[in-house]
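# Architecture at a glance
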Amino acid sequence: MRILTAKQIKRVEELAFERYFTEAQLMKTAGEQCAKRIIKSFGDEIIGKRVSVVCGNGKNAGDGFVIARLLREFGAVAEIVIVDKEPEIPEPVMYFEEAISADVPVVKISKADLNSAVLIVDCLFGIGFHGEVKEPFLSAIKAINASSAKVVSIDTPSGTDATTGTAVNAVRADVTIAISTLKFCHLTPPANDFCGKTYVVNIGIPEDCYSDNYTETITKAFVKSCFTRRNVNSNKGQNGHQLNICGSYQMPGAAVICAKASLKTGVGLLKCIFPKSIYPVLTSHMIQPLFAPMSENENKTLSMGGLNHIMEEIKWADSIALGCGIGNNDDTQVICNQVIKEAEVPVVLDADGINSIVLNINVLSAAKAPIVLTPHPGEMARLVGESISTVQQNRIKTAKTFAKQYNAIVVLKGANTVVTDGKDVFVNTTGNAGMAMGGTGDMLTGMIASFIAQGINPFDAAKCAVYIHGLCGDITAKEISTLGMTVEDMLELLGALMIEFE
């Protein structure tokens, strides 16, 4: 699914007006589709109950007037709440008058009782909003947020910037109904936290009004297309050799989680390299991998003493997962840098693997094979020398610029994970806040490396893993809870989930 800036969607609409529709026709269709979505979501909850459609004086209000009329026809006690002044733009004026003719009451915000509404429809601002919210809209937004009513925002929550994702004094919606496409505010912080559940409604704009260079979401159809049915005569050697270089005495669980995720997603052979002191932990949790315990230093992390052995082992692999829980010291830095330079197969670099190259970032340019980096915002901030808040405010730009500069694939984790190769950008829409816990990143690394080993190209493997990882988290949260779910719960589900992609 496409993700557009305000400028891009305005251009799409301009082309639609030039070629197919009047502005009034599209405005009416948008209102109709939003009303249908509201009725589908709330249905019986609003019949005979007050619904306040809070409108500004721009074109977004036109959608609101259509919605108010249709909700009243459905059986809700719908009213139009005017915040500033009555509409003056011709199209909204037409639908305002139609609503009044249909006996929809109109009240000023100063006399409205939003606390008595069961549903508030936010039609204050549209995608053209930017900057600061001023009076009387600021007071209206505060009143909406103070109400106990459910809140539906049309297109974007008022007070959020559709393009940048900034949000100051914004409406906090339970549901946002995006018109035609997603906008960046639906997926980038902090605005995405104000959107609630986001639905997209189609208002019939033909495909030839869109260009093909947009950021997109990762779709289930795409993920399914990346997997092929296994040959009935296949053997373990044909299903990929994956080498995991993970774990330390303080973080043996990272190695276990990464390895289990690889096995649960179908890799044929998995070999685990780890410091010898954690051998009992790994072998007590897993029996399927090949184990390659190595020499360790005084910190009980991998030591340079095992470097030659590691360099021999990477020749066996079709993919390498590097960094989960290995620690960050002189020895692990040398190992990570050397693996990146010498590996002739894709390397998935996570956690301390990423931290190990911060002081020698140009090693990425010396890689012989594709490198997939999976930083969380803090690790991304260290890579680019910026604050975490700067990274979060510019997630797509930061990831894309870094990927392009170092010819790498970047998976910038977090809500709505960003996946980019420096040219194309994809944003993931699966996943939930319950996944914000230690270990989920290790799981993702194992999945990406597994898919690469099985023959999926690294960029597509990253997109597939991110989508399935988030979907696994969503199903786990529904079965258990966002508070109670664990990585072990997700791993238990993962193997069965893969049937959807066979």
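This section reports on the structure supplied with the text. Given the structure is predicted, the values throughout are model-derived calculations rather than measurements. (Residues numbered from 1 in each chain as written. Predicted model: local features only at pLDDT ≥ 70, side-chain atom pairs only at ≥ 80, totals over all residues. Heavy atoms only, no water.)

## A look at the overall build of the protein chain
On a plain count of helices and strands, the protein chain comes out with 17 helices and 19 strands. The globule rule puts the C-alpha radius of gyration for 502 residues at 23 Å, and the 26 Å found for the protein chain is close to it. Taking all 502 residues of the protein chain together, 57% fall into the buried category. Contacts spanning at least 24 positions in sequence make up 72% of the contacts within the protein chain whose residues lie at least 6 apart. Split by element, the accessible area of the protein chain, about 21100 Å² in all, is 49% carbon and sulfur. Side-chain charges of the protein chain comprise 45 positive and 53 negative groups, with the mean position of each set lying 2 Å from the other. (Helix = DSSP H or I, 4+ residues; strand = E, 2+ residues; numbered from the N terminus. Rg over C-alpha atoms; globule rule 2.2 N^0.38 Å. Buried < 20%, exposed > 50% of the residue type's maximum accessible area, 1.4 Å probe, protein only. Contact = heavy atoms within 4.5 Å. Areas by Shrake-Rupley, 256 points an atom, 1.4 Å probe, with all protein chains shown as cover. Lys, Arg positive; Asp, Glu negative; His and termini not counted. Charge placed at Lys NZ, Arg CZ, Asp CG, Glu CD.)

## Overview of the pairing of strand β13 (residues 290–294)
Bridge count for strand β12 (residues 269–275) against β13 is five bridges, and the pairing is parallel. Following the sheet pairing, Phe-274 is matched in β13 by Pro-293. On the question of chirality, the crossover connecting β12 to the parallel β13 by way of helix α8 (residues 279–285) is right-handed. (Pairing = 2+ DSSP bridges. Right-handed = clockwise from strand over helix to strand, strands pointing away.)

## Section: the side chain of Thr-430
Along the polypeptide, Thr-430 turns up in the loop between β19 (425–427) and α15 (440–453). One polar contact links the side chain of Thr-430 to the main-chain carbonyl oxygen of Tyr-467, over a distance of 2.9 Å. In this structure, Thr-430 is in contact with Val-466, Tyr-467, Gly-470, Leu-471 and Asp-474, ignoring residues within four places of it in sequence. (Polar contact = N/O pair within 3.5 Å; in protein donor to acceptor, adjacent residues only side chain to side chain.)

## Section: helix α14 (residues 395–406)
In a regular helix each residue adds 1.5 Å, so 12 residues correspond to 16 Å; α14 covers 17 Å between its end C-alpha atoms and thus fits that length. For α14, the complete set of buried residues consists of Arg-395, Ile-396, Thr-398, Ala-399, Phe-402, Ala-403 and Tyr-406. Positive phi appears at Asn-407, one or two residues downstream of α14, with a value of about 50°. (Expected span 1.5 Å × (residues − 1).)

## Let's talk about the pattern of salt bridges
All chains considered together, the criterion is met by 17 salt bridges. Residues Asp-208 and Arg-19 are paired through a salt bridge, measuring 3.7 Å at the closest nitrogen-oxygen approach. Here Arg-19 lies in helix α1 (residues 6–19) and Asp-208 lies in the loop between β9 (197–201) and β10 (215–217), a separation of 189 residues in the sequence. When its relative accessible area of 44% is taken as the criterion, Arg-19 is described as partly exposed. Among the salt bridges present, the one from Lys-183 reaches Asp-155, with a minimum N-O distance of 2.8 Å. Remark: Asp-155 occurs in the loop between β6 (150–154) and β7 (175–179) and Lys-183 occurs in strand β8 (residues 182–183); sequence separation between them is 28 residues. Like Asp-155, Lys-183 is buried. (Salt bridge = Lys/Arg side-chain N within 4 Å of Asp/Glu carboxyl O.)

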